[in-house]
Amino acid sequence: MVRRRAGRLAGRPAADVLQALADHTLSEICALLLEPSGHPAVQPYREALVEDGVPLAQFAVDDVQAGYERLVRRGVEFTRPPTDASDAVTAVFDDTCGNLIQIVDRW
């Protein structure tokens, strides 16, 4: 359904596209390819980031605690639960593909 809807949005005003995105979760709308994993530099890079606890990507959300709870209920494993870093609340999870992903309160 979402693919058909997204196809119908091509060439439409940005407001229509944004409303369609707001009506669905990110996973219903698209797949995210973070890098070409077949490249020889990817594995050492990815391993170094994970070893140092550095997220590969960050997504802003309206409420980190609510997002954390929702993802935990769906089986997502967090490497760092919601943490107040004085200027933002963040949480980090493992995407099961060898990357750390951070969610942060929208500012």
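Described in the following lines is the structure provided in the data block. Since the structure is predicted, the reported quantities are computational estimates derived from the model, not experimental observations. By convention here, each chain's residues receive numbers from 1 onward along its written sequence. Given that this is a predicted model, residues contribute local features only at a pLDDT of at least 70 and side-chain atom pairs are listed and counted only at 80 or more, while totals for whole chains, interfaces and linings are drawn from all residues. Only heavy atoms go into the side-chain values, all of them from the structure, while hydrogens and water stay out.

Turning our attention to the pairing of strand S3 (residues 89-94). One requirement defines pairing of two strands: DSSP has to find at least two bridges between them. In this text, helices come from DSSP runs of H or I with a minimum length of four residues, and strands from runs of E with a minimum of two, each type numbered from the N-terminal end. Both strand S2 (residues 78-84) and S3 contribute to a ladder of four bridges, which runs antiparallel. When the bridges of S3 are listed, Asp84 appears paired with Val89. Where S2 folds back onto S3 in an antiparallel hairpin, the turn is made up of four residues, including Ser86, whose phi is positive at roughly 70°. Hairpin geometry of S3 and strand S4 (residues 100-105) is characterised by an intervening segment of five residues between the two adjacent antiparallel strands and by a positive phi of about 70° at Thr96.

Attention shifts here to the nonpolar core. Definition of nonpolar core: a set of buried residues of the types Ala, Val, Leu, Ile, Met, Phe, Trp, Tyr and Cys, connected through side-chain atoms within 4.5 Å. To sort residues, take the accessible area from a 1.4 Å probe on protein chains only and compare it with the maximum for the residue type: under 20% means buried, over 50% means exposed, and anything in between is partly exposed. In this structure, Ala57, Val64, Phe78, Ala91, Phe93, Ile101 and Ile103 together form the largest nonpolar core, which totals seven residues. Counting residues per element, the ones that place at least two in this core are S3 and S4.

Take unusual backbone geometry next. At Ser86, a position not held by glycine, the phi torsion is positive, near 70°. Within the secondary structure, Ser86 sits in the loop between S2 and S3.

Our next topic: empty space enclosed by the protein. Using only the protein atoms, space was sampled on a 1 Å grid; points where a 1.4 Å probe fits but cannot get out form cavities, open sets with protein on both sides within 12 Å along at least five of seven lines form pockets, and lining residues are those with an atom within 4 Å of a point. Grid points are joined across faces, edges and corners, and a volume is the space filled by probe spheres set on the points. Across all of its chains, the model carries one cavity of 30 Å³ or more by this definition. Here the largest cavity is characterised by a volume of approximately 40 Å³. Taken together, Tyr45, Arg46, Leu49, Val50, Val54, Leu56, Gly98, Asn99 and Leu100 form the lining of the largest cavity. Residues are grouped as follows: Ala, Val, Leu, Ile, Met, Phe, Trp, Tyr, Cys and Pro are nonpolar; Asp, Glu, Lys and Arg are charged; every other residue, Gly included, is polar. Grouping the constituent residues of the lining of the largest cavity by class yields six nonpolar, two polar and one charged.

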